[in-house]
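Listed below, chain by chain, are the residues.
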Amino acid sequence: MEIQNYSDVMVFVEQREGHVQKVSLELISKGREIADELGARLKAAVLTAGLTHPVHSLIELGCDEVILVEHPILEPYTTEPYTKALTEVIRAHKPEIVLFGATTIGRDLAPRVSSRLDTGLTADCTKLEVDLESRNLLMTRPAFGGNIMATIICPNHRPQMSTVRPGVMQMAEPVIGRIGVCRNFEIAFSPEDQHVEVLEVVKASKKKVNIEDATILISGGRGIGSPEAFPILESLADKLGGTVSASRAAVDAGWIDRNHQVGQTGKTVRPDLYIACGISGAIQHLAGMEESEFIVAINKDEGAPIFDAADLSIVGDVHKIIPELIRILPELGNRNAQ
Amino acid sequence: MKIIVCMKQVPDTNEVKLDPVTGTLIRDGIPSIINHDDKAGLEAALCLKDQFGAHVTVLTMGPPQADKALREALAMGADRAILLTDRRFAGADTWATSLTLASAIRKMDYDLIIAGRQAIDGDTAQVGPQIAEKLSIPQVSYVEDLEVEAGQASIIVKRIFEEGYHRIRVKFPCLITTLAEMNTPRYMSVGGIMAAYNEKQVETWTLDQLDMNPDHAGLKGSPTKVRKSFTKAPKAPGKKFNTEPDAAARLILDALKERFIVE
């Protein structure tokens, strides 16, 4: 593997039923920054059976080139056709960096591709920086269960591959009219490439909860005492235009669905406002929300570690404070009538 | 039916505490456990043993103390336990780890390989799929449920995604990665514990027993390297108040007003 033959940044643009996933747009934005620092181009690899998302918007977000692999075998997602296609694209284009969203698809695909290419892969990166001297990507991620941070490098193998969780990188402003190209990439698929048989595709029946997109989160932990306290949090969330989330403890206790879980094994969120109610603040929880713009913590326990991460700490009873807050909330409305 | 369960002994990272004075991790005295996702995989394998008389081998790459985790698996009902242990395996990233495990697996017959989705110390979810690639067998990850089809040559699994799931048929030989949510692992029986330390044994294999390039093992073989590790600097804490609920609510509201946090 001649390292000098590899150049440019590539983002695997994940789509499901033609819809591009938001994490890929976040990664295109970050990829653009990295490409600029390296003086390189940014390419998007899109594998799909038919894209509903307009390609030009990927270019406006920062891609110089969109590589489009289009074939019916690519829907729904299964490992081998995607691995085969992406590996061929990477071998043809030789990018020095490939970025993936750390989704249930990305975490299945990226390791398989990295193993086929015999290169390094770093999961769940929270920070990506460039060391200009070596052109190495500095990939920082939580380690030891989220208790410490580690900066990883892949000095002697290319491409350097990273997965990044949704919500960690910021999406940039599109540049309307930005110029780029879109090229079709032919892959010779055959039925033998399908190593599994998808018998049934089932969508979750409940309304999809998307805490990662919320700008305001009212989060409940074990300290709220019982599942019956969640409706109070929902009421506050409704009035503020936010969403309810939860710590792992509340989810494990069966008080609320796992889709609401914030933290190391849950989702990473960075809302404008995060109100932590009855959450102790274990490191694994903080890992999922500490980048929130403004953190309010309410807990009966004065020594709760969440208070070290909060901008505003209230030692008190959630059951008394939240209803009182709901009662005086209309004062906000008067000022902001638009 | 022959099943190999890849299992990791991990420190219980949920129990790790920070030293309040130095801000560094207290690593001493952290209990070692079988990784949750792997234990669910082992339980799934043992259910197949109960149902179909499957033969269950557990495989771990680790330091000598990982013997304890393998004994626990034997006590739960596994038939064979293999510990890959060698100083030269130390410092391996997922690429080197998966290559080492795959090299060991190649010495055995198998229909199904079960690995946990991810370990609670590394949290990468990479080793399972990378083993499958090295063995050139199909993988299905994020498996929450599985059933064996009549004929015992294929399985149907429930593969979860963020917004739902797929039911997938995959033929043997194949690899699946399992989620802790899948089941509640059985306890060891007293007789099982006795057997684990008396009749049964943990086989120990070193790098010399594996048919792989020794330069590909451990830190030496790892494409990724740790450049540095550090504890996160604690954020400068904000103001703390201990006051009546109406005063507390007022404080929060004022903060929201100040920061223009609006509907």
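Model, not experiment: these values are computed from the prediction.

**Student:** Mind showing me how you'd approach the overall build of chain A here?
**Tutor:** When helices and strands are tallied, chain A shows nine helices and 18 strands. In summary, chain A has a C-alpha radius of gyration of 22 Å against a globular reference of 20 Å for 338 residues, a match within 12%. Taken over the C-alpha atoms alone, chain A extends approximately 65 × 50 × 40 Å along its principal axes. Here chain A, with 338 residues, has 53% of them falling under the buried criterion.

**Student:** I'm lost on the domain arrangement of chain A in this one. Help?
**Tutor:** Interfaces are frequently sized by the accessible area removed from exposure as the parts join. Residues and elements named next belong to chain A. Taken domain by domain, chain A holds domain 1 (3-193) and domain 2 (211-335). For domain 1 and domain 2, the distance between their C-alpha centres works out to 33 Å. The partner domain 2 presents nine residues to the eight residues of domain 1 that form the contact. Here the residues of the side of domain 1 that touches domain 2 are counted per class, giving three nonpolar, four polar and one charged.

**Student:** Mind showing me how you'd approach helix 1 (residues 22-38) of chain A here?
**Tutor:** Over its 17 residues, helix 1 of chain A runs 24 Å from end to end, which matches the ideal 24 Å to within 8%, given 1.5 Å per residue. A positive phi of about 70 degrees marks Gly39 of chain A, the residue just after helix 1 of chain A.

**Student:** Explanation requested: unusual backbone geometry in the structure shown.
**Tutor:** With the exception of glycine, the majority of residues adopt a negative phi angle, and the majority of peptide bonds are in the trans configuration. In this structure, Pro159 of chain A follows Arg158 of chain A across a cis peptide bond, with omega equal to -5 degrees. With respect to the helices, strands and loops of the structure, Pro159 of chain A is situated in the loop between strand 10 (148-153) and strand 11 (160-164). In this model, Arg135 of chain A sits at a positive phi of 60 degrees, which is unusual for a non-glycine residue. Relative to the helices and strands, Arg135 of chain A is located in the loop between strand 8 (127-131) and strand 9 (136-143). The backbone of Ser136 of chain B sits at a positive phi, close to 55 degrees, despite the residue not being glycine. Relative to the assigned elements, Ser136 of chain B resides in the loop between helix 4 (127-135) and strand 9 (139-148).

**Student:** Explain the environment of Lys39 of chain B to me, please; I cannot follow it from the model alone.
**Tutor:** You can see Lys39 of chain B is positioned in helix 1 (residues 36-52). Along the sequence, Lys39 of chain B and Asn183 of chain B sit 144 residues apart, while their C-alpha atoms lie 9.3 Å from each other.

**Student:** So what exactly am I meant to see when it comes to the sheet that holds strand 5 (residues 65-70) of chain A here?
**Tutor:** To summarise the sheet geometry, strands pair through backbone hydrogen bonds and adopt either a parallel or an antiparallel arrangement. Residue and element names in this part refer to chain A. One open sheet holds the seven strands; their spatial order is 7-11-6-1-4-5-12, and the pairing between them is parallel. Strand pairing shows two members of the sheet lacking a second neighbour, strand 7 (121-122) and strand 12 (181-184), which therefore form its edges. Looking at chain direction, strand 5 and strand 12 are connected through four bridges and run parallel. In the sheet register, Glu65 faces strand 12, and the bridge partner there is Val181. The sheet strands contacting helix 4 (residues 106-116) are strand 6 (97-101), strand 7 and strand 11, and the helix crosses strand 11 at an angle near 170 degrees.

**Student:** Mind showing me how you'd approach the nonpolar core here?
**Tutor:** Residues Val5, Val58, Ala73 and Ile131 of chain B are the most contacted members of the largest nonpolar core, which totals 69 residues. When residues in this core are grouped by element, the largest group, seven residues, is from helix 3 (residues 94-105) of chain B. Residues contacting Ile131 of chain B, with those up to four places away along its chain left out, are Cys6, Ser98, Leu101, Ala102, Ile113, Ala115 and Leu175 of chain B. Counting residues in each nonpolar core, the second largest holds 55 residues, with Val11, Ala45, Leu47 and Leu128 of chain A among its members.

**Student:** Looking at this structure, how should I read the interface of chain B and chain A?
**Tutor:** On the chain A side, the residues contacting the 68 residues of chain B number 72 residues. The greatest single-element share of the side of chain B that touches chain A, amounting to eleven residues, is contributed by helix 7 (residues 245-258) of chain B. Pairing of strand 18 (residues 312-315) of chain A with strand 15 (residues 239-242) of chain B, which is carried by four bridges, proceeds in the parallel orientation. Its bridge partner being in strand 15 of chain B, Ser313 of chain A is matched across the sheet by Lys240 of chain B.

**Student:** Would you take a moment to explain the confidence of the model for chain B for this structure?
**Tutor:** Parts of the prediction with low pLDDT should not have their coordinates interpreted in detail. For chain B, the average pLDDT comes to 92, and 94% of its residues sit at 70 or higher. Reported confidences for the modelled complex are a pTM of 0.85 and an ipTM of 0.90.

**Student:** How should the sheet that holds strand 9 of chain A be read in this particular structure?
**Tutor:** Overall, antiparallel pairing links the four strands, which are arranged 8(A)-9(A)-10(A)-14(B) in an open sheet. On the outer flanks of this sheet lie strand 8 of chain A together with strand 14 (225-230) of chain B, each paired with one strand and no other. Sheet twist, expressed as the average angle between the axes of neighbouring strands with direction ignored, equals 25 degrees. Pairing of strand 9 of chain A with strand 10 of chain A, which is carried by five bridges, proceeds in the antiparallel orientation. From the neighbouring strand, Met139 of chain A faces strand 10 of chain A, where its bridge partner is Ile152 of chain A.

**Student:** Would you mind showing me how to read the packing of helix 3 of chain B against helix 4 of chain B here?
**Tutor:** Each pair of packed helices can be summarised by the angle the axes make with each other and by the distance between the axes. Residues and elements named next belong to chain B. Two elements in contact, helix 3 and helix 4, have axes separated by 8 Å at closest approach and are oriented at 50 degrees. In this view, helix 3 runs oblique relative to helix 4, as classed from their interaxial angle. At the point where helix 3 passes helix 4, the crossing takes the right-handed sense. Seen from helix 3, the contacting residues are Thr94, Trp95, Thr97, Ser98, Leu99, Leu101, Ala102 and Ile105; seen from helix 4, they are Val127, Gln130, Ile131, Lys134 and Leu135. Grouping the constituent residues of the contact of helix 3 with helix 4 by class yields eight nonpolar, four polar and one charged.

Thresholds applied
- Residues numbered from 1 in each chain as written.
- Chains lettered and ligands numbered in written order.
- Predicted model: local features only at pLDDT ≥ 70, side-chain atom pairs only at ≥ 80, totals over all residues.
- Helix = DSSP H or I, 4+ residues; strand = E, 2+ residues; numbered from the N terminus.
- Rg over C-alpha atoms; globule rule 2.2 N^0.38 Å.
- Buried ≥ 20, exposed ≤ 12 C-beta atoms within 10 Å, placed from the backbone.
- Domains from an automatic or database assignment.
- Contact = placed C-beta atoms within 7 Å.
- Nonpolar A, V, L, I, M, F, W, Y, C, P; charged D, E, K, R; others polar.
- Expected span 1.5 Å × (residues − 1).
- Pairing = 2+ DSSP bridges.
- Axes fitted to C-alpha atoms, helices over the stretch in contact; angles between N-to-C directions.
- Core = buried A, V, L, I, M, F, W, Y, C linked by C-beta atoms within 7 Å.
- pLDDT = per-residue confidence, 0-100.
- Parallel < 35°, antiparallel > 145°, perpendicular 65-115°, else oblique.
- Left-handed = near helix turned anticlockwise from the far one by under 90°.

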